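For reference, the chains in residue letters:
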Amino acid sequence: MSPGHALALAAPHPAALDAARRAAGRGGNAVDAALAAAAALTVVYPHQCSLGGDVIALVHPPDGTVRAVLSAGAAAENVDVAALRAADSRMPAQGPQTVTVPGVVAGWAALAAAYGTPGALPAALRDAAALAREGATVSAGLARAVRDSAPRIAADPGLSALLTGPDGRPVDTGDPLPQPRLAKVLDELADDPSSFYQGAVAEALAAGLRRLGSPLTAADLAAHRTEFAEPLRVDTAGVRWWAAPPPSQGAVLPSLLTAAADTAGLSAPECTRLLAARCQDASAARDRLLGDPHGQPLDLAGLLDPAPLAGALPPRPPFRPSGDTVAVTAVDSSGLAVSLIQSVYQTFGSGLCDPGTGIVLHNRGSAFSLVPGHPGVLRPGARPPHTLCPVIGSSGALLLAAGCQGGRAQPQILAQTLPALADPDADPVAVLARPRWVIGARDIGFEEQTLLAEPGSVPASTAIAPPGLPVVVSDTPTDLAGHVQVVRLARDGRLDAASDPRADGGTVRHTPSAPGTAPEGTPV
């Protein structure tokens, strides 16, 4: 890619915006800026993403050949499935048995090699190391997570060391967050990213995993490979959409985008009722059919076109998966666009931080099933069903990249926002500020399937939801409605971006002649 293109980026934290701005100022393209933001986020948002998590991305290069980049780690080869089944009928929610191989570093390296500018990723990793060494400032979001997760943090020496200040109290908003061990790891990765999987970092991490009680070994780390895959595709209302394939739940997004397009012109209550019913169908299909396609056939047709529930209740998750995710989206004037999503799955992931490396470890393994024959069943070397759901859209007028936080509700959130964002005349900031609704059970704090609506998101009507689906209206906008990040390139060359007002971030717009543009958007 030629350096020096104008670009736009959206991310959920000011430090990520600063990192992206530096990358763009060095002549980086959209992927370089996104990777710089992603690296910074692993330092400032340890409750949401880390070097111990996964990444899934979609990339639209200037020639329009969209690819999915799946760096989702697998279960250990020597995982004791029988012992886990003997202990419980479901996977544990957190702890060492839920740690799968972290894929994020390999995913970054693969993205950089395929689409980035030479030298950009090492520079971004050194910037992230400096941020970790000097001490990032604790954000309001991280402080809330620390307060909400106090028992979990106290139970783990690594998290306690990371999130306790020198005076012995938990860190709070505005406190410094020095991470010298993580800084050392980031410096080593800047010299050689592969050392996370084969080398000094891998050896240290494998030893730490062993001490924590995880079955993962150095051999499991060395076996990890990033997959470049054909994305799923659907055309609706003049827009071509691309979504990530299994094990990503992006497999159910095409059906929801089709449903959203089919409701155009209907009354507001009917639109809500029909789309909500389709969201229930898609959620149920995901819970029944999603798994790792490697080593087994999947019912992809059943995911892409979920059968109607016809009044039946979809499966419920066994615990509240209060997921934490970050989305970074970027596009440049060459037509290179990326939607990158990374996470530790739930708040502070497995609840474990390896003290030797300062790496918070994700709990993606908790998404496995222990039911024999289920497509998402735990098996050695398998990847778990994944919530990360990036999306790219293209029409004759517009190219856009979007992604969101929102756990299992990510496809629902995208289905409510993407049709409006595909209108080149729409203000993306205004679109993301519109109230939304999500459907879930324990994943959004209810024991039964419920439609949780932000004020103003549903019509004042008694027939706004499918029969048997209760509606609860929140007092204020809620994080459960997701944090969407979107960037757009119009065919006339105009760039714009928007960061969800429910998040802590904003946007960057950079031109080669003005490398120091300030973040836009309204941080909250």
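Here the structure is a predicted model, which is why all the values come from computation and not from measurement. (Residues numbered from 1 in each chain as written. Predicted model: local features only at pLDDT ≥ 70, side-chain atom pairs only at ≥ 80, totals over all residues. Heavy atoms only, no water.)

(A) Region of the structure containing the overall build of the chain. When helices and strands are tallied, the chain shows 16 helices and 20 strands. Principal-axis analysis of the C-alpha atoms places the extent of the chain at approximately 65 × 60 × 45 Å. By residue count, 61% of the 524 residues in the chain fall in the buried class. Partitioning the intrachain contacts of the chain with sequence separation of at least 6 by distance along the chain shows that 70% fall at a separation of at least 24. In the structure as shown, the chain presents an accessible area of about 18,300 Å², 56% of it carried by carbon and sulfur atoms. Side chains of the chain give 37 positive and 47 negative charges; the mean places of these two sets differ by 2 Å. (Helix = DSSP H or I, 4+ residues; strand = E, 2+ residues; numbered from the N terminus. Buried < 20%, exposed > 50% of the residue type's maximum accessible area, 1.4 Å probe, protein only. Contact = heavy atoms within 4.5 Å. Areas by Shrake-Rupley, 256 points an atom, 1.4 Å probe, with all protein chains shown as cover. Lys, Arg positive; Asp, Glu negative; His and termini not counted. Charge placed at Lys NZ, Arg CZ, Asp CG, Glu CD.)

(B) Structural context of the sheet that holds strand 17 (residues 471-473). Read across the sheet, 3 strands follow the order 15-16-17 without closing on themselves; strand pairing throughout is mixed. With one partner strand each, in any of the chains shown, strand 15 (437-440) and strand 17 form the two edges of the open sheet. Pairs of neighbouring strands in the sheet enclose a mean axial angle of 25°, with direction left out of account. Bridge count between strand 16 (residues 450-453) and strand 17: 3 bridges; the pairing is parallel. Counted as the bridge partner of A453 is V473 from strand 17. (Pairing = 2+ DSSP bridges. Axes fitted to C-alpha atoms, helices over the stretch in contact; angles between N-to-C directions.)

(C) Inspection of the packing of helix 2 (residues 30-44) against helix 5 (residues 120-134) at higher detail. The geometry of helix 2 relative to helix 5 is characterised by a closest axis approach of 9 Å and an angle of 25° between their N-to-C directions. If you check the angle between helix 2 and helix 5, you find them roughly parallel. Considering the relative orientation of helix 2 and helix 5, their crossing is right-handed. For the pair helix 2 and helix 5, the contacting residues are D32, L35, A36, A39, A40, V43 and V44 in the first and A120, L121, A124, L125, A128, L131 and A132 in the second. (Parallel < 35°, antiparallel > 145°, perpendicular 65-115°, else oblique. Left-handed = near helix turned anticlockwise from the far one by under 90°.)

(D) Looking closely at the pairing of strand 8 (residues 239-243). Along strand 8, 4 of the 5 residues are buried, which leaves the element largely enclosed by surrounding structure. Relative to strand 8, strand 7 (residues 232-236) runs antiparallel, the two being bridged by 5 bridges. Paired with R233 across the bridge in strand 8 is W242. Hairpin connection of strand 7 to strand 8: 2 residues between the antiparallel strands, including A237 at a positive phi of 50°. Two elements, strand 8 and strand 13 (residues 391-394), share 4 bridges in a ladder whose sense is antiparallel. Residue pairing across strands places W241 opposite G393, the latter belonging to strand 13.

(E) Summary view of the pattern of salt bridges. Taken as a whole, this structure holds 24 salt bridges when the rule is applied. The partner of R169 in a salt bridge is D167, with the nearest N and O atoms 2.8 Å apart. Taking the relative accessible area as the measure of exposure, R169 reaches 38% and is therefore partly exposed. The closest approach of N and O atoms between E270 and R273, which form a salt bridge, is 2.8 Å. Of this pair, E270 and R273 both sit in helix 13 (residues 268-289), 3 residues apart, roughly one helical turn. For E270, a relative accessible area of 27% puts it in the partly exposed group. Each of R286, D287, R408 and D443 takes part in salt bridges that share partners, so that together they form one network. (Salt bridge = Lys/Arg side-chain N within 4 Å of Asp/Glu carboxyl O.)

(F) Broad picture of the state of the cysteines. Throughout the structure, instances matching the rule amount to 0 disulfides. Cysteine C279 shares no disulfide, and the gap to the nearest cysteine sulfur, in C389, comes to 12 Å. Unpaired in terms of disulfides, C389 finds its nearest cysteine sulfur in C404, a separation of 7.0 Å. Judged by relative accessible area, C389 falls into the buried class, the value being 0%. (Disulfide = S-S within 2.5 Å.)

(G) Quick peek at helix 15 (residues 410-421). Over its 12 residues, helix 15 extends 16 Å from the first C-alpha to the last, a length consistent with the 16 Å expected when each residue adds 1.5 Å. For helix 15, the buried fraction is high: 10 of the 12 residues fall into the buried class. Of all the positions in helix 15, only Q410, P411, Q412, I413, L414, A415, T417, L418, A420 and L421 are classed as buried. (Expected span 1.5 Å × (residues − 1).)

(H) How the structure looks around the pairing of strand 14 (residues 398-405). In terms of burial, strand 14 is largely enclosed, as 8 of its 8 residues are buried. Of the two faces of strand 14, the one lined by L398, L400, A402 and C404 and the one lined by L399, A401, G403 and Q405 are each fully buried. In terms of strand pairing, strand 13 meets strand 14 through 4 bridges, oriented antiparallel. Looking at the pairing, I392 lines up with A401 of strand 14. Two successive antiparallel strands, strand 13 and strand 14, enclose a turn made up of 3 residues.

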